[in-house]
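Close look at the chain arrangement
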Amino acid sequence: QVQLVESGGGLVQAGGSLRLACAASGRTFSNYAMGWFRQATGKERELLAAINWNGSLKYYADFVKGRFTISRDNAKSTVYLQMNSLKPEDTAVYYCAQQNSYRSAYYYNRENYASWGQGTQVTVSS
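Report on the accompanying structure.

What counts, and at which threshold
- Residues numbered from 1 in each chain as written.
- Predicted model: local features only at pLDDT ≥ 70, side-chain atom pairs only at ≥ 80, totals over all residues.
- Heavy atoms only, no water.
- Helix = DSSP H or I, 4+ residues; strand = E, 2+ residues; numbered from the N terminus.
- Polar contact = N/O pair within 3.5 Å; in protein donor to acceptor, adjacent residues only side chain to side chain.
- Contact = heavy atoms within 4.5 Å.
- Patch = residues over 30% accessible without salt bridge, like charges linked within 9 Å, V, L, I, M, F, W, Y side chains within 5 Å.
- Areas by Shrake-Rupley, 256 points an atom, 1.4 Å probe, with all protein chains shown as cover.
- Salt bridge = Lys/Arg side-chain N within 4 Å of Asp/Glu carboxyl O.
- Disulfide = S-S within 2.5 Å.
- Buried < 20%, exposed > 50% of the residue type's maximum accessible area, 1.4 Å probe, protein only.
- Pairing = 2+ DSSP bridges.
- Axes fitted to C-alpha atoms, helices over the stretch in contact; angles between N-to-C directions.

**As for the side chain of Arg67**
Its place among the elements puts Arg67 in the loop between β6 (58-60) and β7 (68-73). Within the local environment of Arg67, its side chain forms a polar contact with the backbone oxygen of Phe63, the two atoms lying 3.0 Å apart. In this structure the side chain of Arg67 is engaged in a polar contact, spanning 3.0 Å, whose partner is the backbone oxygen of Ser85. Setting aside residues up to four positions removed in sequence, Arg67 forms contacts with Gln82, Met83, Asn84, Ser85, Leu86, Lys87 and Asp90.

Printed below as a string of structure tokens:
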């Protein structure tokens, strides 16, 4: 029902920064939690950050806390992931996703995410 398109990936040196964006269309954006995931080659997909429907609550995986920041602009139907102090191990395909539960209190539950973007490649060189 919702269409998600990620942008902002690319090649960056270790210690650098990137800002990913995910534009949503279709279903009303502001009523649903959003999340950022990544999947490196040969590894399982992992949840990086999540934000609830109005942006008042955020979740971060331990390995990105303090480096990554999730935010949303409901007026623009866009969720962002600001990534600072990037490391080579951050290299992966990054995906945004949306929950399908209206104003869910469980925005941090991976299994609640039902709609996915196509992904954008992030490569961090040392």
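**Structural notes on a nonpolar patch on the surface**
A grouping of Tyr59, Tyr106 and Tyr108 is seen on the molecular surface, where their side chains present a nonpolar patch of about 300 Å² in accessible area. Following the sequence through the fold, Tyr108 ends up in the loop between β9 (92-99) and β10 (113-116).

**Concerning the state of the cysteines**
Applying the stated criterion to the full structure yields 1 disulfide. Each sulfur of the disulfide joining Cys22 and Cys96 lies 1.8 Å from the other. Here the S-S torsion is close to 45 degrees, and the disulfide linking Cys22 with Cys96 is therefore right-handed. Here Cys96 lies in strand β9 and Cys22 lies in strand β3 (residues 18-25), a separation of 74 residues in the sequence. For Cys22, a relative accessible area of 0% corresponds to the buried category.

**Focus: the sheet that holds strand β1 (residues 3-7)**
The strand order β1-β3-β8-β7 describes an open sheet built from 4 strands, whose pairing is antiparallel. At either end of the open sheet lies a strand with only one pairing partner, and these are β1 and β7. For this sheet, the mean angle separating the axes of adjacent strands, direction not counted, is 15 degrees. As paired elements, β3 and strand β8 (residues 78-83) share 6 bridges and run antiparallel to each other. Looking across to β8, one finds that Arg19 is bridged to Gln82.

The analysis is restricted to geometry; functional conclusions fall outside its scope.
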